[in-house]
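Listed below, chain by chain, are the residues.
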Amino acid sequence: MNVYIKNLTINENGKTTASLTFSEGLTVVENRTVIKDAIHSILGKGAEERYDRDYTFFAEVYIDEIYFLRSIKPKGEPIWAFLVQRECDGEECTSEYFDLLTSSAEMDELTFFHRSRSQNYPDRLMRYNDILTHYPEGDFARITNGYGKTRSFRGFVADYIKHFKPIRLKENKNLYLNLLPNGKFVITDSQICEVVSLSESEKQMYHYYSFLSLADFWSRAEKIRNFNCVNKPLMIAGLVERLDESADLSEVLRRTDKLDRQTILFVSKETHLPNYRN
């Protein structure tokens, strides 16, 4: 079961400053702090930005049925205050709505792509594959709500690694995202030899495609445990700005748009994207 944000309207001191409509695939949005802040809060993630003016927003969200959200953040306050109502009966259901969005800390962290060394997307599946080495204090069970220590999860990790299909980074260059038997994502050439010399743009794509693969991994892993699991939209920031002209941006966007998840790409106001929908 996927979460879809249908629309979002943000008011600043009573004046509308953003009116957004989202598709069920990829939507490109201006990279403004208040928009990211509002979307984070809609998805149940703690947002603690403070502003020097009053903000309100209205949103429509679909999770098997329509929910209407109204939220306010007065000047200087860190937290959005919410009222959520069902479309079908108009009843207030704020707690129920946020209960639906509850997920493990690990899944939550992998709904937001941002290039930070601490994320280390290429090594993440490798850590799942050997939790005794990488989580010696038992933290993996905690950040996966117990799922990470089950036989079912370990079996799925092994199966995912075994059946992973390489992803080509560029049409004009033999660079592929591949998965080693230990679970580490690496870049290889057509002979399946690891390539260690990458441009900054290629490194960005390497990390981004590792992130997309991890999102796919968790979507499928959670369905094994709970067929009614809720997949939140993915949020992508700082991607386009780090890709140079050699990157096939239209292919990056097409691959993102094909995910079985709503995806929100944040870009600067001046960014011009190629047509990626055939």
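Overview of the structure. Quantities reported herein were computed from a predicted structural model and do not represent experimental measurements. Residue numbers restart at each chain and count upward from 1, following the sequence in its written direction. Residues qualify for local features only when their pLDDT is at least 70, as the model is predicted, and side-chain atom pairs are given and counted only at 80 or more; totals for whole chains, interfaces and linings, by contrast, use all residues. Side-chain figures throughout are based on the complete set of non-hydrogen atoms in the structure, without hydrogens or water.

1. Remarks on the overall build of the chain
Turning to step 1, where the next piece is worked out: Helix and strand definitions here come from DSSP, where helices need a minimum of 4 consecutive H or I residues and strands a minimum of 2 consecutive E residues; each element is numbered from the N-terminal end. Assigned secondary structure in the chain consists of 9 helices and 12 strands.
Turning to step 2, where the next piece is worked out: Computation of the radius of gyration draws on C-alpha atoms alone. For the globule rule, the value is 2.2 Å times the number of residues to the power 0.38. Computed over the C-alpha atoms, the radius of gyration of the chain is 20 Å, within 12% of the 19 Å expected from 2.2 N^0.38 for a compact globule of 278 residues.
Turning to step 3, where the next piece is worked out: Taken along the three principal axes of its C-alpha coordinates, the chain extends 60 × 45 × 35 Å.
Turning to step 4, where the next piece is worked out: For the chain, the residues scored as buried account for 50% of the 278 residues in total.
Turning to step 5, where the next piece is worked out: Considering only contacts within the chain whose residues lie at least 6 apart along the sequence, 61% involve residues at least 24 apart. The cut-offs for exposure are 20% and 50% of the maximum accessible area for each residue type, with area from a 1.4 Å probe on protein chains only; residues under the lower value are buried, those over the upper are exposed, and the others partly exposed. Throughout, a residue-residue contact means that at least one pair of heavy atoms, one from each residue, lies within 4.5 Å.

2. Some remarks on the sheet that holds strand β4 (residues 55-62)
Turning to step 1, where the next piece is worked out: Think of it this way: DSSP has to see at least two bridges between two strands before they count as a pair. On the basis of which strands lie adjacent, the open sheet formed by 5 strands has the order β2-β1-β4-β5-β6 and antiparallel pairing. Here the strands that pair on one side only, and so sit at the sheet edges, are β2 (15-21) and β6 (81-86). Neighbour-to-neighbour, the strand axes of the sheet open up by a mean angle of 15°, direction not taken into account.
Turning to step 2, where the next piece is worked out: The pairing of strand β1 (residues 4-12) with β2 spans 6 bridges and is antiparallel. Bridge pairing in β2 links Asn11 to Thr16.
Turning to step 3, where the next piece is worked out: Angles shown run from 0 to 180 degrees and are taken between the N-to-C directions of axes, each axis being a line fitted to C-alpha atoms and, for helices, limited to the stretch in contact. Contacts from helix α1 (residues 33-42) reach β1, β2, β4, β5 (66-73) and β6, with the element oriented near 130° to β1.

3. Re helix α4 (residues 121-129)
Turning to step 1, where the next piece is worked out: Summarising burial for α4: 8 of the 9 residues are buried, a large majority.
Turning to step 2, where the next piece is worked out: Within the span of α4, buried status applies to Tyr121, Pro122, Asp123, Arg124, Leu125, Met126, Arg127 and Tyr128.

4. Section: the sheet that holds strand β9 (residues 173-179)
Turning to step 1, where the next piece is worked out: Taken in spatial order, the 3 strands of this open sheet run β8-β9-β10, and their pairing is antiparallel. The two strands at the open ends of the sheet, each matched to only one other strand, are β8 (167-170) and β10 (185-188). Between one strand axis and the next, the sheet turns through 30° on average, direction left out of account.

5. Observations concerning the pattern of salt bridges
Two side chains of opposite charge can pair, provided their charged atoms sit close to one another.
Turning to step 1, where the next piece is worked out: Every case where a carboxyl oxygen of Asp or Glu lies within 4 Å of a side-chain nitrogen of Lys or Arg is listed as a salt bridge. In the structure shown here, the tally under the stated rule is 16 salt bridges.
Turning to step 2, where the next piece is worked out: Glu12 is paired through a salt bridge with Arg53; the nearest N and O atoms lie 2.6 Å apart. Linking Glu12 in strand β1 with Arg53 in the loop between α1 and β4, this pair joins segments that are 41 residues apart in sequence.
Turning to step 3, where the next piece is worked out: The partner of Lys232 in a salt bridge is Asp108, with the nearest N and O atoms 2.8 Å apart. Placement of the pair is Lys232 in the loop between α8 (200-225) and β11 (234-236) and Asp108 in helix α3 (residues 105-109), with a sequence separation of 124 residues. As far as the burial class goes, Lys232 and Asp108 line up, both buried.
Turning to step 4, where the next piece is worked out: Linked through salt bridges whose partners overlap, the residues forming this network are Glu12, Asp52 and Arg53.

6. Description of helix α7 (residues 151-163)
Turning to step 1, where the next piece is worked out: Multiply 1.5 Å by the residue count of a helix minus one, and that product is the helix's expected span. End to end, α7 covers 18 Å across 13 residues, agreeing with the expected 18 Å (1.5 Å per residue, within 8%).
Turning to step 2, where the next piece is worked out: For α7, every residue scored as buried is listed here: Phe153, Phe156, Val157, Tyr160 and Ile161. The arc that holds every buried residue of α7, seen down its axis, measures 130°, which confines them to one face. Facing away from the buried side of α7 by over 90 degrees, the exposed positions are Arg151 and Lys162.
Turning to step 3, where the next piece is worked out: Check the buried side of α7 and you find it contacts α4, α6 (139-143), β9 and α8. The arc under discussion is defined with respect to the helix axis, by the directions toward the C-beta atoms.

7. Details of the state of the cysteines
Turning to step 1, where the next piece is worked out: The disulfide criterion used throughout: a pair of cysteine sulfur atoms within 2.5 Å. The full count for this structure, using the stated rule, is 0 disulfides.
Turning to step 2, where the next piece is worked out: The cysteine Cys88 is free of any disulfide, with Cys93 supplying the nearest cysteine sulfur at 8.1 Å.

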